[in-house]
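# Chain and residue survey
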Amino acid sequence: MKKFASKKQIVLLIISPILSIVSFVLTYLLDPLKYASQSALAAIPAFLLSIIILIIGQNINTHNEVEKVSADSERLSETVKNYLHVTKLGTPKSAWEYIINRLPVLEYVQNTSFNFEDEKDQTNERLYDGNIYQQSFSKIAKQVNHGLVWKDIGDLSALERFRKIDSYVSEKNKRNYQFKLITQSEPQIGFIILTYLDGTTEVLFNWDFRDIPQDPVVLLSRDLEIINMFAAQYKGLWRVGVNDYDSMATRSTSKK
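Definitions and limits used
- Residues numbered from 1 in each chain as written.
- Predicted model: local features only at pLDDT ≥ 70, side-chain atom pairs only at ≥ 80, totals over all residues.
- Heavy atoms only, no water.
- Helix = DSSP H or I, 4+ residues; strand = E, 2+ residues; numbered from the N terminus.
- Contact = heavy atoms within 4.5 Å.
- Areas by Shrake-Rupley, 256 points an atom, 1.4 Å probe, with all protein chains shown as cover.
- Phe/Tyr/Trp six-rings, centres within 6.5 Å; stacked < 30°, edge-to-face > 60°.
- Buried < 20%, exposed > 50% of the residue type's maximum accessible area, 1.4 Å probe, protein only.
- Salt bridge = Lys/Arg side-chain N within 4 Å of Asp/Glu carboxyl O.
- Pairing = 2+ DSSP bridges.
- Axes fitted to C-alpha atoms, helices over the stretch in contact; angles between N-to-C directions.
- Core = buried A, V, L, I, M, F, W, Y, C linked by side-chain atoms within 4.5 Å.

All right, on to the overall build of the protein then. Counting its secondary structure elements, the protein contains 8 helices and 7 strands. Sequence separation of 24 or more characterises 72% of the internal contacts of the protein that already satisfy a separation of 6 or more. Split by element, the accessible area of the protein, about 16,000 Å² in all, is 60% carbon and sulfur.

Attention now moves to the packing of aromatic side chains. According to the stated counting rule, one finds 11 aromatic pairs in the structure shown. Measuring from centroid to centroid gives 4.9 Å for Tyr128 and Tyr133, while their planes differ by 70°, and the two rings are edge-to-face. Across the pair, exposure class does not vary: Tyr128 and Tyr133 are buried alike. For the pair Tyr177 and Phe179, a centre-to-centre distance of 5.9 Å together with 40° between the ring planes defines the contact as tilted. Accessibility expressed as a relative area gives 9% for Phe179, which makes it buried.

Our focus in this paragraph is the pattern of salt bridges. Counted according to the given criterion, the structure contains 4 salt bridges. Here Asp166 and Lys174 are joined by a salt bridge, their closest N and O atoms 3.6 Å apart. With a relative accessible area of 7%, Asp166 lands in the buried category. With a shortest N-O distance of 2.8 Å, Arg222 and Glu202 are connected by a salt bridge. Of this pair, Arg222 sits in the loop between strand S7 (218–221) and helix H7 (224–240) while Glu202 is found in strand S6 (residues 201–205), placing the two residues 20 residues apart along the sequence. Residue Arg222 is classed as buried on the basis of its relative accessible area of 17%. Note on Glu202: relative accessible area 0%, which makes it buried.

So, on to the environment of Thr87. By the element assignment, Thr87 lies in strand S1 (residues 87–90). A C-alpha to C-alpha distance of 5.6 Å links Thr87 and Leu219, two positions 132 residues apart in sequence.

Another point: the sheet that holds strand S5 (residues 191–196). Taken together, 7 strands build an open sheet; the order of strands is S1-S7-S6-S5-S2-S3-S4 and the sheet is mixed. In this open sheet, the two edge strands, each paired with only one partner strand, are S1 and strand S4 (177–181). Neighbour-to-neighbour, the strand axes of the sheet open up by a mean angle of 15°, direction not taken into account. Strand direction decides the pairing type here: strand S2 (residues 106–113) and strand S3 (residues 149–154), joined by 6 bridges, are parallel. Across the sheet, residue Val109 finds its bridge partner in S3, namely Trp150.

Here the focus is the nonpolar core. In this structure, Trp96, Ile99, Trp150, Ile192, Leu194 and Leu204 are the most contacted members of the largest nonpolar core, which totals 32 residues. Only helix H3 (92–101), S2, helix H4 (120–128), helix H5 (131–144), helix H6 (159–168), S4, S5 and S7 provide two or more residues apiece to this core. With residues up to four places along the chain from it excluded, the contact list for Ile192 reads Trp96, Ile99, Val109, Gln110, Asn111, Trp150, Glu202, Val203, Leu204 and Trp207. Leu219, Ile227, Phe230 and Tyr234 belong to the second-largest nonpolar core, a separate cluster that totals 14 residues.

These results come straight from atomic positions and should not be treated as a statement about function.
Take a look at the structure:
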């Protein structure tokens, strides 16, 4: 593909001046403005047309080159991201937006949400009460209804948010969205594992607001060892988590 693009670029570079010269000669000989008696004047429109063609050709070449550089830059960025063990993604708000924007190309999501009582106000203010997060409930449910599998595990502070997502999920797709609760006896690291439709997996971690005055910097990794470590942690949390029996009981009663 690169060789083809390169050959195309060379052809355009060669053709542009050739077309410019040909247009000059033809316009001069055809003399569309009938300057036959004044040959010097006949060269003016021919010259102007050849310059215009040359500029157009140059602009096309420049545009193609810019697109090529942009594509190469994206490939380089992805290569670096895959190579590095950890990449700084940004604040929790921007990291959550990163996830929501990728919902259509995700296949499986394993999310955690843990907050201690003394940090709830800060996390609500900096993340959960924001428009991006509040609007994400229906967006997540929409993709769940289209086949995305999303699992949530968290403490009681996350229960209301989990129930809200669940309320948007259609009955026939309820098994695609599952959540469990655990009682915190010690601090848990917040993280989310994303699996894409093409099989690529990445983990986002360091969401926690505790004991720091500013927003934490969420980190992203595609390193297999790091992902396996968090996957094992998620499996252990899921194993000890319990279902939301109140919600299940309410749903069961409503069916009768």
